[in-house]
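As a plain string of letters, each chain reads:
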Amino acid sequence: MKKKAIQTLVLLAVLILLGIFFAFPLYWTILTSFKTSAQVFVEKPIFFMDTLYLDNYIEIFTKSNVFTFFMNSILVAGCATLISLILATMAGFGLCRYMFKGNRILKSSIMIVRMIPALIYTIPYFIIYSKLDLLDTLGGLIMAYISFALPMAIWLAISFFSDIPQEIYESAEIDGCGEWRMYVSIALPLVKAGIAVIAILVFVQTWNEFGLASVLQASDMKKTLPIGIASMVQTHRDTPSGSLAAAGVIAMVPAMFLALATQKYIVKGTMAGAVKG
């Protein structure tokens, strides 16, 4: 009994240390965003503050294009997530509902495409988009993000739809339920926890994406938030660390809000996806 209590205390201590290790960069970023320039560059770091200054937040919204970057990211990530969810759930439902010849090969090929690094597609996308006049457009970036997100989204959708017993579909057919109604009224409500998992993963992936957007987007009015924040780093003079930290905090808000809002569904969806491989 005593040995078990010691093991529990050791495990708890390790978990607390790991929590502090991973949470400290987040805390330091938030704290820095409320500091003045004089408080940022000091010999003895300031870990606690009595007064919080909002100058950095006011500055990035009045003297930079952070708000434009933010709205571009919301539009791009939101559209890419919504369209990916619609297409992925349809594909996942169809691949689980109909067992045709080549079904398994098609499922496997989806995962193989997902394993290819996204940066490999950067140059082909640049060449194709330059010929189609899609460079430096939000629509072109949305289409690229959808193509990157779909393999993972479809693969997850397949795992969630495969947990639905075939007897439910058969009962619905007996009652005269058509395929579209079966998809909308029966299948989707049963996998709403899985849909939340797919949504948060696709949103975070597109929200944080940097490499492809840095190649396809050139003008400030079309840049997303990660590219916009990177452009705030100044190599020939002092970088505004406080403003940079404030922009970083703003970049964290949507993903954190979405994760908290769908937390209960994420837990259920993760458990559901683990039942079947």
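This text gives an overview of the structure that appears in the document.

Rules behind the numbers
- Residues numbered from 1 in each chain as written.
- Predicted model: local features only at pLDDT ≥ 70, side-chain atom pairs only at ≥ 80, totals over all residues.
- Heavy atoms only, no water.
- Salt bridge = Lys/Arg side-chain N within 4 Å of Asp/Glu carboxyl O.
- Helix = DSSP H or I, 4+ residues; strand = E, 2+ residues; numbered from the N terminus.
- Buried < 20%, exposed > 50% of the residue type's maximum accessible area, 1.4 Å probe, protein only.
- Polar contact = N/O pair within 3.5 Å; in protein donor to acceptor, adjacent residues only side chain to side chain.
- Contact = heavy atoms within 4.5 Å.
- Phe/Tyr/Trp six-rings, centres within 6.5 Å; stacked < 30°, edge-to-face > 60°.
- Expected span 1.5 Å × (residues − 1).
- Bend = angle between axes of the 7 residues up to and from the residue.
- Core = buried A, V, L, I, M, F, W, Y, C linked by side-chain atoms within 4.5 Å.
- Disulfide = S-S within 2.5 Å.

As enumerated under the stated definition, the model contains three salt bridges in all. Close ionic contact of Glu173 with Arg97 constitutes a salt bridge, the shortest N to O distance being 2.4 Å. Of this pair, Glu173 sits in helix α8 (residues 166-174) while Arg97 sits in helix α4 (residues 66-97); the two residues are 76 residues apart in sequence, bridging distant segments of the chain. The exposure class of Glu173 is partly exposed, given its relative accessible area of 40%. A salt bridge links Lys223 to Asp220; its shortest N-O distance comes to 3.2 Å. What makes Lys223 buried here is its relative accessible area of 13%. Classification of Asp220 as partly exposed rests on a relative accessible area of 36%. A single salt-bridge network, built from bridges that share partners, covers Arg97, Glu173 and Glu179.

What follows covers the side chain of Thr81. By secondary structure assignment, the location of Thr81 is in helix α4. Engagement of the side chain of Thr81 in a polar contact is seen with the backbone oxygen of Ala77, the distance being 2.6 Å. Apart from residues no more than four positions distant in its own chain, Thr81 is found in contact with Ala199, Val202, Phe203 and Thr206.

Moving on to the packing of aromatic side chains. The tally for this structure, following the rule as stated, stands at 16 aromatic pairs. Aromatic pair Tyr125 and Phe148: ring centres 5.7 Å apart, planes at 75°, arrangement edge-to-face. Here Phe148 lies in helix α7 (residues 138-161) and Tyr125 lies in helix α6 (residues 122-131), a separation of 23 residues in the sequence. A relative accessible area of 16% places Tyr125 in the buried class. Feature note: the residues Phe93, Phe161, Tyr169, Trp180 and Tyr183 constitute an aromatic cluster, connected by ring pairs.

Taking 1.5 Å of rise per residue, 24 residues should cover 34 Å, and α7 covers 32 Å from first to last C-alpha, within 8% of that figure. Within α7, the axis deviates most sharply at Ala149, by approximately 40°, and proline Pro151 lies no more than four positions further along. Burial of α7 is extensive: 20 of the 24 residues sit out of reach of the surface.

Its place among the elements puts Leu82 in helix α4. Given a relative accessible area of 52%, Leu82 falls into the exposed group. Spatially, the C-alpha atom of Leu82 lies 9.2 Å from that of Val202, the residues being 120 residues apart in sequence.

What follows is about the nonpolar core. Counting residues in each nonpolar core, the largest one holds 43 residues, and the members touching the most others are Tyr145, Ile154, Phe161, Tyr169, Ile198 and Leu212. Those elements that provide at least two residues to this core are α4, α6, α7, α8, α9 (179-190), α10 (192-208) and α11 (211-216). Among the elements that make up this core, the one with the highest residue count is α7 (17 residues).

With that settled, consider the state of the cysteines. Throughout the structure, instances matching the rule amount to zero disulfides. Distance from the sulfur of Cys96, which forms no disulfide, to the nearest cysteine sulfur (Cys177) is 17 Å. A relative accessible area of 7% places Cys96 in the buried class. Classification of Cys177 as buried rests on a relative accessible area of 14%.

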